[in-house]
Amino acid sequence: MKSLQTIQKTCKIFQTLTKIVMILCFVGSGLLLLGLICGIVISSAGAVVSGGVETLYKLTASASFYEMIGTLLAEFVVTLTDALLFFHAWKYFSAEQADGTPFSRRGADMMKRLGILLIVLPAVAAIVVGVLHGIFDLTQIEAADIGNGTSVMMGIMLILISVILRYGAELEEREDKYE
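Since the model is a prediction, treat every value here as computed from it, not as a measurement.

Some thoughts on the overall build of the chain
Reasoning step 1: Across its full length, the chain carries five helices and two strands.
Reasoning step 2: Listing each helix as α and each strand as β along the chain from the N terminus yields α-β-β-α-α-α-α.
Reasoning step 3: Taken over 179 residues, the chain has a buried fraction of 34%.
Reasoning step 4: Accessible area of the chain: about 11000 Å², with a carbon and sulfur share of 69%.

Overview of empty space enclosed by the protein
Reasoning step 1: Per the counting criterion, the structure on display carries two cavities of 30 Å³ or more.
Reasoning step 2: Approximately 40 Å³ is the volume found for the second largest cavity.
Reasoning step 3: Elements supplying a minimum of two residues to the lining of the second largest cavity: α3 (65–99) and α4 (105–135).
Reasoning step 4: Counted by class, the lining of the second largest cavity contains three nonpolar, one polar and two charged residues.

Brief notes about the packing of aromatic side chains
Reasoning step 1: Considering all chains together, one arrives at three aromatic pairs under this definition.
Reasoning step 2: Ring plane angle 35 degrees and centroid distance 6.2 Å describe the contact between phenylalanine 87 and tryptophan 90, whose orientation is recorded as tilted. One end of the pair, phenylalanine 87, and the other, tryptophan 90, are both in helix α3, three residues apart, so they sit about a helical turn from each other.
Reasoning step 3: What makes tryptophan 90 partly exposed here is its relative accessible area of 22%.
Reasoning step 4: Grouped by ring-pair contacts, the aromatic residues Phe14, Tyr92 and Phe93 constitute a single cluster.

Focus: α3
Helical geometry note: an α-helix holds 3.6 residues per turn, so side chains three or four residues apart project in the same direction.
Reasoning step 1: Taking 1.5 Å of rise per residue, the 35 residues of α3 would be expected to cover 51 Å, and the 50 Å separating its terminal C-alpha atoms lies within 8% of that figure.
Reasoning step 2: Trailing α3 by a residue or two, glycine 100 shows a phi angle of about 80 degrees, which is positive.

Observations regarding the packing of α3 against α4
Reasoning step 1: The interhelical angle for the contact between α3 and α4, taken along N-to-C directions, is 180 degrees, at an axis separation of 10 Å. Compared by their axis directions, α3 and α4 come out roughly antiparallel.
Reasoning step 2: The residue inventory of the contact of α3 with α4, partitioned by class, reads 23 nonpolar, four polar and three charged.

As for the layout of surface pockets
Reasoning step 1: As a volume, the second largest pocket reaches approximately 200 Å³.
Reasoning step 2: Lining the second largest pocket, in full, are Tyr92, Phe93, Pro102, Met111, Leu118, Met154, Leu158, Ile161 and Leu165.
Reasoning step 3: Mapped by element, the contributors of at least two residues to the lining of the second largest pocket are α3, α4 and α5 (149–178).
Reasoning step 4: No other element matches α5, which puts four residues into the lining of the second largest pocket.

The rules we used
Residues numbered from 1 in each chain as written. Predicted model: local features only at pLDDT ≥ 70, side-chain atom pairs only at ≥ 80, totals over all residues. Heavy atoms only, no water. Helix = DSSP H or I, 4+ residues; strand = E, 2+ residues; numbered from the N terminus. Buried < 20%, exposed > 50% of the residue type's maximum accessible area, 1.4 Å probe, protein only. Areas by Shrake-Rupley, 256 points an atom, 1.4 Å probe, with all protein chains shown as cover. 1 Å grid on protein atoms, 1.4 Å probe; cavity = no way out; pocket = protein on both sides within 12 Å on 5 of 7 lines; lining within 4 Å. Points joined across faces, edges and corners; volume = space filled by probe spheres on them. Nonpolar A, V, L, I, M, F, W, Y, C, P; charged D, E, K, R; others polar. Phe/Tyr/Trp six-rings, centres within 6.5 Å; stacked < 30°, edge-to-face > 60°. Expected span 1.5 Å × (residues − 1). Axes fitted to C-alpha atoms, helices over the stretch in contact; angles between N-to-C directions. Parallel < 35°, antiparallel > 145°, perpendicular 65-115°, else oblique.

Encoded structure:
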């Protein structure tokens, strides 16, 4: 039972860490969206609060409004994707804490879902960002490396772990039957 206590404490730590990072990602997404909205308002109306277009041009001398909006939109997509992944990881750790064991059918299903999302969401984000780079002609701006090779491998590992967790849940159910 000492191993289970160690697992529970470790999962509690990861639950807290994923919640912090999830919140930071959602805040970052919100700030990027706010910047995007301000950029659009400035480009169409000429001012937000008391700043003018000239001030913004001086602050962003290396990029045009078009590039700035495209970059903010692309970064918003990537940050929101990360926030969603951390949200699902936090949900898994919360469920594991509630179940009191990693070996539950619900936990195995959530781990499998997280693995699938870890494969799919970064791939979709990479496609969307690629399209945005094409639309906004962001070839001159160095894009963040959002390759998804690592996320595919991690997703596959989480799916395999979910199979192990399901097997452990089945063993516990069998043990409960015979008691």
